[in-house]
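Observations on the model geometry
The primary structure of each chain is shown beneath.
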Amino acid sequence: MTPSTRPPTGLALLFVGSARAAAAAALVMGLCAAAALPVCHGQRDDGTATVVVFAAASLTDVFGDLERDFEAAHPGVDVVVSVAGSQTLAVQIEQGAPADVFASADLAHAQRLADEGLVAEPLPLAAASVVAIVPAANPLGVTTPADFARVSRVVVGDDRVPIGAYTAQLLTAARASAADAAWAAHVSDHIVSREPSVRAVRAKVALGEADLGFVYAPDANDAADVRAVALPAGLAPRAAYAIALTTAGEGRDEAQAFMLFALSSPGAATLRAHGFDPPGAP
């Protein structure tokens, strides 16, 4: 199989306009047909081609659906999704971990790998708001940020992972706001844990090991054991998700086809179903 070329930068605009969506779908169909051909890289003894996807922890559920739908349409291709904090996955790629596609919860980690020549140009995948979460039972009766003064155990993401960086931005902005400075200071003073991924933050809150945490809206949308608390408009950062082919993935039609499927109209619909917004949405 002839190695595929890097996808054109115009694919970053796949969500804009029905004509471009149709063109993207046609490109995906072409690549899908090519995926039936034998390949050397990532092919098992039984002829099944394996595509390894490294995805941010907050993409766990939606990429599970994308994996299922893509495999149903591509017999002979096995998508293996590995999830963790974006920082952890980026370091693993730098250390030579075999991956074909990288989906990050921010642009920074994907761009760093691109600058190092380890992935192709990152493309915008989705967006999501940062929200606060409390246990589903909500024993402290937290319904607004003003109620954050009641909490004594706050869990956030480590500063090195996107949700940690976004939470730090949120608290910095809130402390600078006269209306929000008090609860922001209280929250900052009561952080008891910094977790390696957004799903670890959610797990601590869901288990009642923390009174309050900060995650992406889809993480709250996909969970029955936590409830979201909306943050003041203009304060909550917007997470910008990016996706890119790794150096190994650039030479594989199957990997390119999966990435384009995630960027296609059906992929966007699956992302929306899990609470994600299109790239650049306000």
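Shown above is the structure to which this text applies.
So, how was this worked out
- Residues numbered from 1 in each chain as written.
- Predicted model: local features only at pLDDT ≥ 70, side-chain atom pairs only at ≥ 80, totals over all residues.
- Heavy atoms only, no water.
- Phe/Tyr/Trp six-rings, centres within 6.5 Å; stacked < 30°, edge-to-face > 60°.
- Helix = DSSP H or I, 4+ residues; strand = E, 2+ residues; numbered from the N terminus.
- Buried < 20%, exposed > 50% of the residue type's maximum accessible area, 1.4 Å probe, protein only.
- Axes fitted to C-alpha atoms, helices over the stretch in contact; angles between N-to-C directions.
- Parallel < 35°, antiparallel > 145°, perpendicular 65-115°, else oblique.
- Contact = heavy atoms within 4.5 Å.
- Salt bridge = Lys/Arg side-chain N within 4 Å of Asp/Glu carboxyl O.
- Expected span 1.5 Å × (residues − 1).
- Arc of directions from axis to C-beta.

Time to look at the packing of aromatic side chains. The description of an aromatic ring pair rests on the distance of the ring centres and on the angle between the ring planes. Going through the model one piece at a time under the given rule, you end up with eight aromatic pairs. With centroids separated by 5.8 Å and ring planes inclined at 55 degrees, the aromatic side chains of Phe70 and Phe261 adopt a geometry described as tilted. Highlighted residues: Phe70 in helix H2 (residues 60-73) and Phe261 in helix H10 (residues 253-263), separated in sequence by 191 residues. Neither Phe70 nor Phe261 differs from the other in exposure class; each is buried. Members of the aromatic cluster, each reached through a chain of ring pairs, are Phe63, Phe70, Phe258 and Phe261.

Attention shifts here to the packing of H10 against helix H11 (residues 265-273). Where H10 meets H11, the axes come as close as 4 Å, and the angle between the chain directions of the two elements is 60 degrees. Here H10 is positioned oblique relative to H11, judged by the angle of their axes. The residues of H11 that touch H10, namely those facing Phe261, Ala262 and Leu263, are Ser265, Pro266, Gly267, Ala268 and Leu271.

What follows concerns the pattern of salt bridges. If you walk through the whole model with that rule in mind, you get 14 salt bridges. For Arg238, the salt bridge is made with Asp277, and the minimal N-O distance between the two is 3.0 Å. Within this pair, whereas Arg238 is found in strand E9 (residues 238-245), its partner Asp277 is found in the segment after H11, the two being separated by 39 residues in sequence. For Arg238, a relative accessible area of 27% puts it in the partly exposed group. Looking at Asp277, the relative accessible area reads 27%, which means it is partly exposed. In the salt-bridge network here, residues are joined through shared partners; they are Asp61, Arg199 and Asp219.

Time to look at the environment of Ala128. Within the secondary structure, Ala128 sits in strand E4 (residues 123-135). Among residues more than four places away in sequence, those in contact with Ala128 are Tyr216, Pro218, Pro237, Arg238, Ala239, Tyr241 and Phe276.

Quick look at H2 now. For H2, built from 14 residues, the straight-helix expectation of 20 Å at 1.5 Å per residue is met to within 8% by its first-to-last C-alpha distance of 20 Å. Of all the residues in H2, the buried ones are Val62, Phe63, Leu66 and Phe70. Seen end-on, H2 carries its buried residues on one side only, within an arc spanning 90 degrees.

Let us look at unusual backbone geometry. Not every positive phi belongs to a glycine, and Asn138 is a case in point at roughly 45 degrees. Structurally, the position occupied by Asn138 is in the loop between E4 and strand E5 (154-157). Classification of Asn138 as buried rests on a relative accessible area of 11%.

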